[in-house]
Amino acid sequence: MESPQLLVFPYLFAALIFSLSWSSSIQTHESFLHCLSLHPEDTSSVTKVIYTQNNSSYSSVLNFTAQNLRFSTLSTPTPIAILTPLRASHVQETIYCSRKHGLQVRIRSGGHDFEGLSYTAKVPFVVIDLINLRSIEVNTEKRTAWVESGATIGELYYEIAKGSRTLAFPAGIGHTIGVGGHLSGGGVGSLVRKYGLAADNVIDAHVIDVNGKIVDRKSMGEDLFWAIRGGGGGSFGIVLAWKIKLVPVPANVTLCNVRKTLEQNATKLIHRWQYVAHNLPKEIHMSITMSRVKPSQDEKLTIQAIFGSVFLGGLDKLIPLMKKRFPELGLVKEDCEEMSWAESILYSTQFPKGEPLETLLGRSQKSVLSESFFKAKSDYVKEPIPETGFEGLWPKLYEENGVMVLVAQGGKMDEILETETPYPHRAGNIYSILYVVDWEEKDNINSERYMSWMRRLYDYMTPYVSKSPREAYVNYRDIDIGTNDDDNTSYEQVSIWGLKYFKNNFNRLVHVKMMVDPENFFRNEQSIPPLPSL
């Protein structure tokens, strides 16, 4: 039998290691803060932008824009400090001090990273929250704007609408989404079939690189400018601001919603939609939202499909066009509303017609993708799914309160080469799919139930979606498809997820990473790694 002294030794050793680690962490923390205090021109400004765990506002600042509440629990690792820079020099100093003291950084603009990678990490880290860098300058004459990364899509739309009812920007419909992350991953919205992605309409940018230098398109070079427009955030540097091209829209656009249940022939309509939506004129953007519903207290559960459309024009042109191209849907004027393009953003996210445009300035909106516990995945479809495929899908959707959103492609997206930006999902894709399941805080103890359901649904869809690789959208982040090792990542490992997001563009992204950040300072679980052997 071992002596008591020998049995106790492993515990003493473990306690010693923990004590040393804790001591080292505190020392790193203090050294980092001391480093920051040495640098700003106005030393007193540091107190305005740094929040540590000793600060009473720390939790509220950390959680204010944390959109997926799965990553706001007591078990979620938290940063040693949050910085909310007021100017570029604060970002530069944070990069310098983080590198010097071995801390990772996470960059957050709107907090919508589906896997929380913009504000969580498994190692000691600092969050640079760009919320205070949100200025917007719109030039309606030149049809351009400069927008800082901390602004929201809604704030951008509001400023454009103030200057012109007939100008827009082809980004997403979620008005609380941060500009920085959205443009970094591509940015899909209701104008995508007419004007392409948000990133397709970026014409310049200001980036702080790993050495703290601020570069624009000319000084950064075309390789880095290519990479930041769709290569995903958090890999190449910190984009402070974007110069974007504004696009013309009519004074009024038309939004329509047609709701059909399984009992109202939804399956056949969805099947037919697959042949129609991507072939319609570029001015029409169509989607289908599918979920289980209970139409009334007396009726049984069923599956409902909401056929949504946004048309750059009036009802007088839309109705006859749809009667000719998609008569089965039975679209009538009572299904539609006319409004300005900016108003359509609010209407598309369940606000009533007539909602004041100032609502776009709000940074808080609860939905299945904001301020909730959720898991999401994505797919791309190249061939219409047979009716039997949907019939086999319905029992899965009956199981949980999940949602599937089918978004038509085609139009401008078919005209842009898949190598034009890192976002490769262009010609050949007839629509994309977003899968979401969300739940309440009281159900989070059973979160694995919802996660498991989502994975079963995703597995079921395998025969019907893109293959080799099974493509995914980087802005719908999904760590189920693969992650990097902390230190020793191989091409074989990272290409599992990298090729899904970027296809063959992944290799060029790795090349750019080697050029601009060879020591891999800007990194997370799905950042582009530097791989010298590639």
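Computed from a predicted model, the values in this text were never measured in an experiment.

Student: Looking at this structure, I do not really get the overall build of the protein. What am I missing?
Tutor: Counting its regular elements, the protein contains 17 helices and 18 strands. Its C-alpha radius of gyration of 24 Å places the protein within 12% of the 24 Å reference for a compact globule of 534 residues. Expressed as lengths along the three principal axes of its C-alpha atoms, the size of the protein is roughly 80 × 70 × 45 Å. Counting the 534 residues in the protein, one finds 55% classified as buried. The long-range fraction of contacts in the protein, counting pairs at least 24 apart against all pairs at least 6 apart in sequence, stands at 73%. Averaging the locations of the 55 positively and 59 negatively charged side chains of the protein gives two centres separated by 4 Å.

Student: Just to check I follow, could you spell out the environment of Val512 for this structure?
Tutor: Its place among the elements puts Val512 in helix α17 (residues 505–516). Taking the relative accessible area as the measure of exposure, Val512 reaches 0% and is therefore buried. Separated by 201 residues in sequence, Val512 and Phe311 have C-alpha atoms that sit 39 Å apart.

Student: Please clarify how the packing of helix α13 (residues 387–399) against helix α15 (residues 447–460) should be interpreted in this entry.
Tutor: Helix-helix packing: each pair is described by the crossing angle between the helix axes and the interaxial distance. One can describe the packing of α13 onto α15 by two numbers: an axis separation of 11 Å at closest approach and a directional angle of 180°. In terms of orientation, α13 lies roughly antiparallel with respect to α15. Touching Thr388, Gly389, Gly392, Leu393, Lys396, Leu397 and Glu399 of α13 are Trp453, Arg456, Leu457 and Tyr460, all from α15. Here the contact of α13 with α15 is composed, by residue class, of 5 nonpolar, 3 polar and 3 charged.

Student: How should I be thinking about α15 in this particular structure?
Tutor: Working note: α-helix, 3.6 residues per turn, so residues spaced by three or four point in the same direction. For α15, built from 14 residues, the straight-helix expectation of 20 Å at 1.5 Å per residue is met to within 8% by its first-to-last C-alpha distance of 20 Å. Looking at α15, one finds that the buried residues are Tyr450, Met451, Trp453, Met454, Leu457, Tyr458 and Tyr460. Along its buried surface, α15 packs onto β16 (373–381), α13, β17 (402–408) and β18 (431–439).

Student: How should empty space enclosed by the protein be read in this particular structure?
Tutor: One simple way to see leftover space: roll a probe sized like a water molecule over the atoms. Applying the stated rule across the entire model yields 2 cavities of 30 Å³ or more. In this structure, the second largest cavity encloses a volume near 40 Å³. Looking at the lining of the second largest cavity, its residues break down into 4 nonpolar, 6 polar and 1 charged.

Student: Can you walk me through unusual backbone geometry in this structure?
Tutor: Negative phi values dominate among residues other than glycine, just as trans dominates among peptide bonds. A cis amide bond, omega 5°, links Ser468 with the succeeding residue Pro469. Topologically, Pro469 is positioned in the loop between α15 and α16 (491–502). Residue Asn265 is not a glycine yet carries a positive backbone phi of 75°. Following the sequence through the fold, Asn265 ends up in the loop between β12 (253–261) and α10 (266–276).

Student: Would you take a moment to explain the environment of Leu269 for this structure?
Tutor: For Leu269, the location among the structural elements is in helix α10. For Leu269, a relative accessible area of 4% corresponds to the buried category. Separated by 38 residues in the primary sequence, Leu269 and Phe307 place their C-alpha atoms 9.3 Å from one another. Setting aside residues up to four positions removed in sequence, Leu269 forms contacts with Lys260, Gln264, Phe307, Phe326, Glu328 and Leu329.

Student: What exactly am I supposed to notice about the nonpolar core here?
Tutor: Across soluble globular proteins, nonpolar side chains show a tendency to be buried alongside one another. In this structure, Phe169, Trp242, Ile244, Trp273, Met290, Leu393 and Met404 are the most contacted members of the largest nonpolar core, which totals 108 residues. In terms of residue count, the dominant contributor to this core is α15 (7 residues). Counting 12 residues, the second-largest nonpolar core is a separate cluster that includes Ile95, Val210, Phe521 and Phe522.

Student: Teacher, can you tell me more about the confidence of the model for the protein here?
Tutor: Do not read the fine detail of predicted coordinates wherever pLDDT is low. For the protein, the average pLDDT comes to 92, and 93% of its residues sit at 70 or higher. Taken together, the stretch residues 11–23 has pLDDT below 50 and engages in 0 contacts with residues farther than four places along the chain or on a different chain.

Student: How should the packing of aromatic side chains be read in this particular structure?
Tutor: Each aromatic ring pair is characterised by the separation of its centres together with the angle its planes make. According to the stated counting rule, one finds 15 aromatic pairs in the structure shown. With centroids separated by 5.6 Å and ring planes inclined at 80°, the aromatic side chains of Tyr423 and Tyr473 adopt a geometry described as edge-to-face. One end of the pair, Tyr423, is in the loop between α14 (412–415) and β18; the other, Tyr473, is in the loop between α15 and α16, with 50 residues separating them in the sequence. Between the aromatic rings of Tyr473 and Tyr476, the centroid separation amounts to 4.7 Å while the plane-to-plane angle is 75°, which identifies the pairing as edge-to-face. A relative accessible area of 4% means that Tyr473 is categorised as buried.

Student: Looking at this structure, how should I read the pairing of β17?
Tutor: When a strand is regular, its side chains alternate between the sheet's two faces. Along β17, 7 of the 7 residues are buried, which leaves the element largely enclosed by surrounding structure. Alternating residues of β17 divide into Gly402, Met404, Leu406 and Ala408 and Val403, Val405 and Val407, and every residue in both groups is buried. Examined bridge by bridge, strand β13 (residues 284–293) and β17 share 5 bridges and lie antiparallel to one another. When the sheet's bridge partners are listed, Thr289 is paired in β17 with Val405.

Student: Can you walk me through the sheet that holds β18 in this structure?
Tutor: The strand order across the open sheet formed by 7 strands is β15-β12-β14-β13-β17-β18-β16, and the pairing between neighbours is antiparallel. Single-partner strands in this sheet number two, and they are β15 (336–339) and β16. Put simply, the sheet's adjacent strands are angled 15° from each other on average, direction ignored. In the sheet, β16 pairs with β18 via 9 bridges, with the strands oriented antiparallel.

Student: Any chance you could explain the state of the cysteines here in plain terms?
Tutor: Each disulfide consists of one covalent bond between the sulfur atoms belonging to two cysteines. Using the criterion set out here, one finds 2 disulfides in the structure. One disulfide in the model links Cys35 with Cys97; its S-S distance is 2.1 Å. Taking the sign of the S-S torsion, about -80° here, the bridge from Cys35 to Cys97 comes out left-handed. Note that Cys35 is positioned in helix α1 (residues 4–37) and Cys97 in helix α4 (residues 88–100), a separation of 62 residues in sequence. For the pair formed by Cys35 and Cys97, the shared burial category is buried. Residue pairing for Cys256: its cysteine sulfur links by disulfide to Cys336, the two sulfurs lying 2.1 Å apart. Taking the torsion about the S-S bond as the criterion, the Cys256 to Cys336 disulfide, at about 105°, is right-handed. Residue Cys256 is found in strand β12, and its partner Cys336 is found in strand β15; the two are separated by 80 residues along the sequence. Across this residue pair, the class does not change: Cys256 and Cys336 are buried.

Reading the values: rules and limits
Residues numbered from 1 in each chain as written. Predicted model: local features only at pLDDT ≥ 70, side-chain atom pairs only at ≥ 80, totals over all residues. Heavy atoms only, no water. Helix = DSSP H or I, 4+ residues; strand = E, 2+ residues; numbered from the N terminus. Rg over C-alpha atoms; globule rule 2.2 N^0.38 Å. Buried < 20%, exposed > 50% of the residue type's maximum accessible area, 1.4 Å probe, protein only. Contact = heavy atoms within 4.5 Å. Lys, Arg positive; Asp, Glu negative; His and termini not counted. Charge placed at Lys NZ, Arg CZ, Asp CG, Glu CD. Axes fitted to C-alpha atoms, helices over the stretch in contact; angles between N-to-C directions. Parallel < 35°, antiparallel > 145°, perpendicular 65-115°, else oblique. Nonpolar A, V, L, I, M, F, W, Y, C, P; charged D, E, K, R; others polar. Expected span 1.5 Å × (residues − 1). 1 Å grid on protein atoms, 1.4 Å probe; cavity = no way out; pocket = protein on both sides within 12 Å on 5 of 7 lines; lining within 4 Å. Points joined across faces, edges and corners; volume = space filled by probe spheres on them. Core = buried A, V, L, I, M, F, W, Y, C linked by side-chain atoms within 4.5 Å. pLDDT = per-residue confidence, 0-100. Phe/Tyr/Trp six-rings, centres within 6.5 Å; stacked < 30°, edge-to-face > 60°. Pairing = 2+ DSSP bridges. Disulfide = S-S within 2.5 Å.

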